[in-house]
Amino acid sequence: MSRFIIALDFPDPDAARRLVARLPAGRCRLKVGKELFVRGGPGLVRELVDGGWDVFLDLKFHDIPNTVAGACRAAADLGVWMVNVHALGGSRMLAAAREAIGEGAERPLLTAVTVLTSHDEATLAELGLAGPPAAAVDRLAGLAMAAGLDGMVCSAQEARRLRAAYPRGRLVTPGIRPAGSSADDQRRVMTPAAALAAGADDLVVGRPVTAAADPAAALAALEAELA
Ligand SMILES: O=c1ccn([C@@H]2O[C@H](COP(=O)(O)O)[C@@H](O)[C@H]2O)c(=O)[nH]1
C-alpha cells in the first residue's frame with residue numbers, strides 16, 4: 001500500500017467525489033477532515049469506506065475524556081482505517097480514547113496530533129509554550145505512546161528523533177511538499193523523499209494533489225520523487 005494519504009479538503013462532497021474518481025485506487029489512502037466531514041457527514045465517510053478506500057478520519061478530537069471516548073467509538077463504527085485525537089488533551093483523555101476503540105483486528109489505528117505542522121516557535125510562544133516545536137513534540141509523543149496509541153501525527157522534520165525513540169510508533173506526517181513548491185500555511189514542511197528517509201510512515205498531501213490540474217499526474221510525480 002502506498003505511503004500517500006490524500007487530504008480531501010473540499011467545501012462540497014461532490015467535488016471530493018470527483019477528485020476521488022480521478023485517483024488511482026491502491027496507490028493512495030484518503031483523509032477526511034473537518035471541512036468535508038461537516039459538509040458530507042458520516043454518510044460520505046461510509047461511502048468511501050464501502051468503495052474500498054482506507055479512510056483516515058482526521059477530526060483531531062480534543063475534549064473531556066468521556067466525550068472523546070464516545071467520538072472515537074463512533075468513528076470506529078464507521079469502519080475507518082485511522083482516527084486521531086490531540087495529544088494536548090492529556091493522558092487521561094488519550095487513555096479513554098485508546099480504550100474506546102477496542103482491541104479487535106478491525107479496530108482503527110489511533111494516532112495523536114503532537115504539534116500542528118502549521119505551528120512554528122513563534123506560534124508556540126503565543127500559546128505560552130516556550131522553546132522549539134521539537135521539544136513539545138517529544139513531550140506529547142511520549143504521552144501518546146505511554147497511553148498505548150499506535151503513533152502520532154507530526155512534521156517529518158521530527159520523524160528521525162521519534163523513529164529512534166519509538167521504533168514501532170506510526171509516524172503520520174502532513175506538511176509534505178514537492179521540492180520547490182509553496183508551503184502555503186504550513187510552517188514545518190518536508191519533501192516526500194526526505195520524509196521517508198527520516199522514518200515517516202504516512203505522507204499526508206492535500207493541495208499539491210487536490211489543486212493540481214491533473215491530480216493523478218501530481219500523485220505520480222510525488223511517487224517518482226521516492227523512486
Ligand atoms: O499537523 C497537522 C495535522 C493535520 N494536517 C492536515 O493535513 C492536511 C494537509 O494539507 P495540505 O494541503 O497538504 O497542506 C490538511 O487536511 C490538514 O488539516 C496538517 O496539515 N497538519
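Here the residue numbers are simple positions, counted from 1 along each chain's written sequence. Per-residue local features of the predicted model are confined to residues with pLDDT of at least 70, and side-chain atom pairs are confined, for both listing and counting, to 80 or more; whole-chain, interface and lining totals are unaffected and use all residues.

### Looking at the confidence of the model for the protein chain
At step 1: Per residue, pLDDT captures the predictor's confidence, and it can take any value from 0 to 100. For the protein chain, mean pLDDT is 97; residues scoring 70 or higher make up 100% of the total.
At step 2: For this predicted complex, the interface confidence comes out at an ipTM of 0.99, alongside a pTM of 0.98.

### As for the environment of Ala74
At step 1: Secondary structure elements are taken from DSSP: a helix is a run of H or I of four residues or more, a strand is a run of E of two residues or more, and numbering for both begins at the N terminus. Examined against the element boundaries, Ala74 turns out to sit in helix H3 (residues 65–77).
At step 2: Remark: the alpha-carbon pair of Ala74 and Glu106, spanning 32 residues in sequence, is separated by 14 Å.

### Let's talk about the environment of Ala183
At step 1: Along the chain, Ala183 falls in the loop between strand E7 (170–173) and helix H8 (192–198).
At step 2: Every C-beta atom is placed from the backbone, and the number of other C-beta atoms within 10 Å of a residue's own sets its class: buried at 20 or more, exposed at 12 or fewer, partly exposed in between. According to the C-beta neighbour criterion, Ala183 is exposed, with 12 such atoms within 10 Å.
At step 3: Between the C-alpha atom of Ala183 and that of Arg207, which follows or precedes it by 24 residues, the distance is 9.9 Å.
At step 4: In contact with Ala183, not counting residues within four places along its chain, are Arg177 and Val189. A pair of residues counts as a contact when their C-beta atoms, built from backbone coordinates, are within 7 Å of each other.

### Some thoughts on the pairing of strand E1 (residues 4–7)
A regular strand carries its side chains on alternate faces of the sheet.
At step 1: Side chains of E1 alternate between two faces, with Phe4 and Ile6 and Ile5 and Ala7 buried alike.
At step 2: Only when DSSP finds a minimum of two bridges between them are two strands counted as paired. In the sheet, E1 pairs with strand E8 (residues 202–205) via three bridges, with the strands oriented parallel. Bridging across to E8, Ile6 finds its partner in Val205.
At step 3: Looking at chain direction, E1 and strand E2 (residues 29–32) are connected through three bridges and run parallel. Bridging from a neighbouring strand, Ala7 pairs with Lys31 of E2.

### A word on the packing of H3 against helix H4 (residues 90–101)
At step 1: Running from N to C, H3 and H4 point in directions that differ by 30°, and their axes come no closer than 8 Å. By the angle class used here, H3 and H4 are roughly parallel. Crossing of H3 against H4: the hand is right-handed. Contact residues: H3 offers Pro65, Asn66, Val68, Ala69, Cys72, Arg73 and Ala76, while H4 offers Arg92, Met93, Ala96, Ala97, Glu99, Ala100 and Ile101. Angular values range over 0 to 180 degrees, each being the angle between N-to-C directions of two axes fitted as lines to C-alpha atoms, with helices fitted over their stretch in contact. An angle below 35 degrees is read as roughly parallel, one above 145 as roughly antiparallel, one from 65 to 115 as roughly perpendicular, and any other as oblique. Rotating anticlockwise by less than a right angle from the far helix to the near helix defines a left-handed crossing, while the corresponding clockwise rotation defines a right-handed one.

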